[in-house]
Amino acid sequence: MFILVNLKTYPCDPVAVAEAVRDVDESTDVARVAVAPQATHLERVAETGAETWAQHVDPIDYGSNTGHTLAETVADAGAVGTLINHSERRLKLADVDGAVEAADRAGLETVVCANNPAQIGAAAALEPDAVAVEPPELIGTGTPVSQADPEIVEGAVAAAANVDSDVSVLCGAGISTGDDVVAAGELGSEGVLLASGVAKADDPTAALSDLVDPL
Ligand code: G3P
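Model, not experiment: these values are computed from the prediction.

A. How the structure looks around the nonpolar core. Residues Ile3, Ile84 and Leu208 are the most contacted members of the largest nonpolar core, which totals 62 residues. Not counting the four nearest positions on each side in its chain, Ile84 is found in contact with Val57, Leu91, Val96, Ala99, Val100, Ala103, Thr110, Val111, Val112 and Cys113. Ranked by size, the runner-up nonpolar core spans twelve residues in total, among them Leu83, Val111, Ala132 and Leu170.

B. Region of interest: helix α5 (residues 117-124). Every buried residue of α5 is listed here: Ile120, Gly121, Ala123 and Ala124. The buried side chains of α5 occupy one side of the element, clustering within an arc of 165° when seen end-on. Structurally, α5 contributes buried residues whose contacts are with β5 (109-114), β6 (130-133) and α7 (150-163).

C. Inspection of the pattern of salt bridges at higher detail. Enumeration over the complete set of coordinates arrives at six salt bridges. Arg105 is the partner of Asp61 in a salt bridge, and the nearest nitrogen-oxygen pair spans 3.7 Å. Separated by 44 residues along the polypeptide, Asp61 in the loop between β3 (51-54) and α3 (71-76) and Arg105 in helix α4 (residues 93-105) bring together distant segments of the chain. What makes Asp61 partly exposed here is its relative accessible area of 40%. Taking the relative accessible area as the measure of exposure, Arg105 reaches 39% and is therefore partly exposed. Through salt bridges with shared partners, one network takes in Arg32, Glu51 and Glu109.

D. Quick peek at the pairing of strand β8 (residues 191-194). Because side chains alternate across β8, one face comprises the buried residues Gly191 and Leu193, and the other comprises Val192 and Leu194, equally buried. In this structure, strand β7 (residues 168-172) lies alongside β8, joined through three bridges in parallel fashion. For Leu170, the partnering residue across the bridge sits in β8 and is Gly191.

E. Highlighting the UniProt feature "binding site: substrate" (unreviewed entry) in the chain. When the UniProt feature table is mapped onto this chain numbering, "binding site: substrate" (unreviewed entry) sits at Asn6, Leu7, Lys8, Ile139, Gly174, Ala195 and Ser196. A maximum C-alpha distance of 14.3 Å places the annotated residues, which cover 191 residues in sequence, within one compact spot. Tracing the backbone shows Asn6 in strand β1 (residues 2-6). Setting aside chain neighbours within four positions, we find Asn6 in contact with Ala36, Gln55, Leu83, His86, Leu194 and Ala195. Reaching out from Asn6, the side chain makes a polar contact with the side chain of Gln55 at a distance of 3.5 Å. Its location among the elements puts Gly174 in the loop between β7 and α8 (178-186).

Conventions and cut-offs
Residues numbered from 1 in each chain as written. Predicted model: local features only at pLDDT ≥ 70, side-chain atom pairs only at ≥ 80, totals over all residues. Heavy atoms only, no water. Core = buried A, V, L, I, M, F, W, Y, C linked by side-chain atoms within 4.5 Å. Buried < 20%, exposed > 50% of the residue type's maximum accessible area, 1.4 Å probe, protein only. Contact = heavy atoms within 4.5 Å. Helix = DSSP H or I, 4+ residues; strand = E, 2+ residues; numbered from the N terminus. Arc of directions from axis to C-beta. Salt bridge = Lys/Arg side-chain N within 4 Å of Asp/Glu carboxyl O. Pairing = 2+ DSSP bridges. UniProt positions renumbered as here; feature names shortened; annotations may be inferred. Polar contact = N/O pair within 3.5 Å; in protein donor to acceptor, adjacent residues only side chain to side chain.

And the structure:
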């Protein structure tokens, strides 16, 4: 299972969480654990040796794009992948397409987020490496999508397979325990996106260990 920990703009120590991510990733053969800090923390986080992802890249190339995030800069900072179209950083469809192209150009792995199976089908058609279904109303609630809305995960898996069977499906929102991760896997998800369960934990290493223990 792929476990991608999104730090959003939570006031956690990104390096401490990254070290926990690295240690837990190295301690298991059954999970791949990565962290997505804020753009300005990418370099420091990547230096820990943790697998580092960006939270966003813009659909741009080098040039006059003040205030934008260039995929090549993210890759230079040490990121190996990027989220695109997170529900807290939504893009127009054409811009999702452009951001996937920009990430591909920079050699970044891509996960395109979407709210529901219909959007997952559209996202999969843009040929990212993976799509992630996250019902916005469950984000940050601690109520796991795998329990509150299993149909949306199964629907997302079916919608992506219908369009492109090479695109993996992840799910997220409210995931905080190993049982939630196991349940996500049983619904056909190949990984999870989560944030508050780790970023707000007093002991991120313990929180991450709990996530991978039952796998
Ligand atoms: O990107 C993951 C995120 O949106 C889920 O947040 O706090 O419900 O794990 P959370």
